[in-house]
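# Observations on the three-dimensional arrangement
Here is how the chains run, residue by residue.
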Amino acid sequence: MINLRDKGAEIWERQGRLGRIGIAVGGVAMAAALPFMGGTILNTPIADYESVLVYPIAMYVLMAIGLNIVIGKSGLLDLGYVAFFAIGAYTMGLLGTKTSLNTWEILPIGIAMAMFSGIILGVPALKLRGDYLAIITLGFGEIVRIVALNLGALGRSEGIQGIPTPPGIFGIEYAFDSHRIYFWTLLILILLAIWMVRRLSVRRAGRAWESIRQDEDAAELLGVPTFKYKVWAFVLGASVGGAAGVFYASKTLFIAPDNFTLQISILILACVVFWRYGKYLGCNSRSGNSWLPTGSNSFLIRRPSARVRLGVGNHDESSS
Amino acid sequence: MIGNFLDQFWSLTFGGLSLGFIYILIALGYTMVYGVLRMINFANSEIFMVGTFATIIIVRDVFNFTQTSEYATGFRLWLILGTALVFAMVVSGVLSMLVEIVAYRRLRRMNSGILAPLISAIGVSMVLAESVRILTDSRPVASPRAMEKKFLGQFFDAGIRIDNTIIVISALFLFGVLITFVNKTRMGKAIRAVSMNPNAARLMGINIDGVVSATFLVGGLMTGAAGFFYVLKYENTSSNIGFELGIAAFTAAILGGIGNIKGAFYGGLALGLLETYASFFLGTQWKAVTVFIVLVLILYTRPNGLFGEALTQTRA
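Positions within a chain are numbered from 1, following the residues in the order the chain's sequence is written. Chains and ligands are labelled sequentially in the order written, the chains with letters from A and the ligands with numbers from 1. Only residues with pLDDT of at least 70 get local features here, since the model is predicted, and only at 80 or more are side-chain atom pairs given and counted; chain-wide, interface and lining totals rely on the full set of residues.

## Considerations on the overall build of chain B
Runs of H or I in DSSP of at least four residues are treated as helices and runs of E of at least two as strands, each being numbered from the N terminus. When helices and strands are counted, chain B shows 11 helices and 4 strands. For a compact globule of 316 residues, the expected C-alpha radius of gyration is about 20 Å, and chain B comes in at 19 Å, within 12% of that figure. For the C-alpha atoms alone, the extent of chain B along its principal axes is close to 55 × 45 × 35 Å. Remark: C-beta atoms are placed from the backbone, and a residue is labelled buried if 20 or more other C-beta atoms sit within 10 Å of its own, exposed if 12 or fewer do, or partly exposed between those counts. Within the span of chain B, comprising 316 residues, buried residues form 47% of the whole. Residues are defined as contacting one another if the C-beta atoms placed from their backbone atoms lie within 7 Å. The contacts in chain B between residues at least 6 apart in sequence include a share of 81% that link residues at least 24 apart. Only the C-alpha atoms count toward the radius of gyration. The rule for a globule is 2.2 Å times the residue count to the power 0.38.

Rendered as structure tokens:
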């Protein structure tokens, strides 16, 4: 079988600046056109195609990009990523129903909450060795769910209902069933996240993460403040998860602890692992392809439409 | 509250002790594997879950017990309990060995670091848990009660229930057998050797793969026994019990110092009691949170556990 990723990277390598812009624009355009491709080979027989495109596919892509900062870039195994997703969603749920803030105002608050919890979890946990970190984060993911399940203020097992949809912005209305609009908004968030990760990767932070992933002790000896950058990776990963959570709550209008199980963490992890560590664009291509073991429409999710190549290949072979 | 607690202290303690012994047996599964491979065998929690189902299969399907049938007595009761225990142990042990061969062996040969086996282990646990979930339609399964749970006697105000007694005595027995196995037999010696230095052990002609398989087998046997005791005590199971019990048992293993068999013993006891007391004060729904907080505190303050990673002969 032809290795599409390497092939893509090769083509990308040979292009000049103009060609690269062309590929990137073409890729984004193709991804943006996905909602129109329902009814063809990409159809989903039971679930609504466009809603599947928003959740899980685009949502998982976004989260996988966030998780990839933690796992792929800096080599820290985080098994409780769903916690940040849940924290973002519950922030949206609580503030959206109890106050008059709208989704766009809550988005930064949700991100901040997720980042804050990232610090709370990260500062003690990141002092530990890799496999202990995995267990701690795994426990944390489950604890967040249990707290949501048992705390009256968070609605227990009924969760929070009647979460408002985002208000219109730039004349675009967010009706709850206009999935396309949500998909495109998510696409913008995804592009923003990719941009953030790309910019960070080529700068000091990216080099620090790379060195931590390869050999943490050596990095520390060479003067990289490893702990600081590990916490940063964790917090940035959490921020993307929080953003996804806020948007998710605002899209589904209803959240319950059952939406935030360990399985989601594992699936996002699978998204990251499938396309080898460190290839955040791989997250796009594979996230929809992971076999979703839970949920009613489980294997519907296994679908080629998720092969969204945004055309922006990361060809840094040393990081694989 | 405190008065209540003192009134119930002994009955809580007995419940906590038997829970503690269940934790000890699962923790042994973690700690044995960690001792030899320096790897957290994540799938152990699901092996425990399979053990509980194996027990129910014996009691319900082989001996045809239903919720309404009469309690077994005398020889038949011991036959049922014995068969269920042995079957649960064998199923879990063999499954544990298979998991090692399927999920870890290749990665170990490739020297893939610590994260890849961990991810592979999560994959295996997911496959096991989800298969059982599909087979049971996501419903919890109740075990018919084969044994009348009578009280053997009184200790202060608390009745000593027969199932708790059986658990404590047989778990102690199994623990003793394990200690003897590790310290006295040829294979136990090989396990200790590999745990001290795999390379030197290989140079001395020890078959590493065999030792690793044996370790997984023994860990699985202990975990399977825990599955049997769990069903004996709580009389139900479901496809998702593995996770919570697994985290708790792992905490127990860490508490005593992971890789240290005696540590697993004290850690399991301490955690079982602590969890029982804590759920009395906070309510059972916060049980998992208590365990997790204990885990974080231990890892943060004493990552080697209360008894430390024993780097001497006692380690296995």
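## Quick look at the overall build of chain A
Helix and strand content of chain A: 12 helices and 0 strands. Within chain A, the fraction of its 320 residues that count as buried is 50%.

## Describing the interface of chain A and chain B
Taken together, the 19 residues of chain A in the interface contact 21 residues of chain B. Of all the secondary-structure elements, those providing two or more residues to the side of chain A that touches chain B are helix H6 (130–150) and helix H11 (262–274) of chain A. Sort the elements by how many residues they give to the side of chain A that touches chain B and H6(A) lands first, with 11 residues. Under the scheme applied, nonpolar residues are Ala, Val, Leu, Ile, Met, Phe, Trp, Tyr, Cys and Pro; charged residues are Asp, Glu, Lys and Arg; polar residues are all the others, including Gly. Split into classes, the residues belonging to the side of chain A that touches chain B amount to 14 nonpolar, 3 polar and 2 charged.

## Structural notes on the nonpolar core
Take the buried Ala, Val, Leu, Ile, Met, Phe, Trp, Tyr and Cys residues, join any whose C-beta atoms are within 7 Å, and the set you get is a nonpolar core. Counting 191 residues, the largest nonpolar core has Leu62(A) and Ile24(B) as its most contacted members. Here this core gets 17 residues from one element, more than from any other, and that element is helix H3 (residues 49–73) of chain A. Apart from the residues lying within four places of it in its own chain, the contact partners of Leu62(A) are Leu186(A), Leu189(A), Ile190(A), Ala193(A), Val240(A) and Ala244(A).

## Overview of the packing of helix H10 (residues 261–282) of chain B against helix H11 (residues 287–301) of chain B
All names here are of chain B. Helix axes are fitted only over the stretch in contact, all axes being lines through C-alpha atoms; the angle between N-to-C directions runs from 0 to 180 degrees. For the pair H10 and H11, interaxial distance at closest approach is 9 Å and the crossing angle is 130°. By the angle between their axes, H10 is oblique relative to H11. The two elements H10 and H11 meet at a crossing, and its hand is right-handed. Residue-level inspection shows Leu274, Glu275, Ala278, Ser279 and Leu282 of H10 in contact with H11, the latter providing Lys287, Thr290, Val291 and Val294. By residue class, the composition of the contact of H10 with H11 is 5 nonpolar, 2 polar and 2 charged. Working definition: roughly parallel below 35 degrees, roughly antiparallel above 145 degrees, roughly perpendicular at 65 to 115 degrees, and oblique for all remaining angles. Should the near helix be turned counterclockwise from the far one by less than a right angle, the crossing is left-handed, whereas a clockwise turn marks it as right-handed.

## What to know about the environment of Gly159(A)
Residues and elements named next belong to chain A. Note that Gly159 resides in the loop between H6 and helix H7 (179–201). Take Gly159: there are 21 C-beta atoms within 10 Å of it, and that puts it in the buried class. Residues Gly159 and Ala256, 97 residues apart in the sequence, show an inter-C-alpha distance of 3.9 Å.

## Side note on the environment of Ser45(B)
Residue and element names in this part refer to chain B. Residue position: Ser45 is located in helix H2 (residues 44–62). We classify Ser45 as buried; it has 26 C-beta atoms within 10 Å. Sequence-wise, Ser45 and Leu245 are 200 residues apart; in three dimensions their C-alpha atoms are separated by 6.8 Å. When near neighbours in sequence (up to four residues on either side) are disregarded, Ser45 contacts Ser125, Gly242, Phe243, Leu245 and Gly246.

## Description of the pairing of strand E2 (residues 151–155) of chain B
Residues and elements named next belong to chain B. Burial within E2 is sparse, with just 0 of its 5 residues counted as buried. In the sheet, E2 pairs with strand E3 (residues 158–161) via 4 bridges, with the strands oriented antiparallel. Residue Phe151 lies in a different strand from E3, and its bridge partner there is Arg161. Between E2 and E3, which pair antiparallel and follow one another directly, the connecting turn spans 2 residues, one of which, Phe156, has a positive phi of 50°. Two strands qualify as a pair provided DSSP detects at least 2 bridges between them.

## Examining the confidence of the model for chain A
A residue's pLDDT is simply how confident the predictor is in it, with values from 0 to 100. For chain A, mean pLDDT is 77; residues scoring 70 or higher make up 80% of the total. In this model residues 277–320 of chain A is a low-confidence stretch, pLDDT under 50, and it forms 108 contacts with partners more than four residues away in sequence or in other chains.

## Focus on helix H8 (residues 204–214) of chain A
Since the α-helix packs 3.6 residues into each turn, any two residues three or four apart lie on the same face. All names here are of chain A. Among the residues of H8, those classed as buried are Ala205, Gly206, Ala208, Trp209 and Ile212. Taken down its axis, H8 places every buried residue within 160° of arc, on the same side. In H8, the exposed residues that point more than 90 degrees away from the buried face are Arg204 and Gln214. Among the structural elements, H3, H7, helix H9 (216–221) and helix H10 (226–252) are those in contact with the buried residues of H8. Directions drawn from the helix axis to the C-beta atoms are what define this arc.

## Things to note about H11(B)
With 15 residues, H11(B) should reach 21 Å at 1.5 Å per residue; the first-to-last C-alpha distance of 21 Å fits that figure. When we look at burial in H11(B), the residues that qualify are Ala288(B), Val291(B), Phe292(B), Val294(B), Leu295(B), Val296(B) and Leu299(B). Buried residues belonging to H11(B) abut helix H5 (103–125) and H6 of chain A together with helix H9 (241–256) and H10 of chain B. Given a helix with a known number of residues, its expected span is that number minus one, times 1.5 Å.

## Regarding the packing of H3(A) against H11(A)
Two numbers describe a pair of packed helices, the interaxial angle and the distance between the axes. Residues and elements named next belong to chain A. Interaxial distance between H3 and H11 falls to 9 Å at its minimum, and their mutual angle equals 70°. One finds that H3 runs roughly perpendicular with respect to H11. Facing Tyr60, Met63, Ala64, Leu67, Asn68, Ile71 and Gly72 of H3, the residues of H11 in contact are Leu267, Ile268, Leu269, Cys271 and Val272. In terms of residue class, the contact of H3 with H11 is built from 10 nonpolar, 2 polar and no charged.

## Observations regarding the confidence of the model for chain B
Residue and element names in this part refer to chain B. Confidence in the prediction of chain B, expressed as mean pLDDT, is 86, and 97% of residues score 70 or more. Considering each helix and strand of chain B separately, the mean pLDDT is smallest for E2, with a value of 75, and largest for helix H8 (residues 208–234), with 93. Low pLDDT, under 50, characterises residues 310–316; the stretch is placed with 19 contacts to residues that sit more than four places away or in other chains.

## A closer look at unusual backbone geometry
Glycine aside, residues mostly have negative phi angles, and peptide bonds mostly take the trans form. All names here are of chain B. The phi angle at Arg38 is positive, at roughly 55°, despite the residue not being glycine. Looking at the element boundaries, Arg38 is found in the loop between helix H1 (2–37) and H2. Of note in the backbone geometry, Ser138 takes a positive phi value of approximately 60° without being a glycine. Tracing the backbone shows Ser138 in the loop between helix H4 (115–135) and strand E1 (141–142). Residue Ser138 is classed as partly exposed on the basis of its C-beta count, with 13 C-beta atoms lying within 10 Å.

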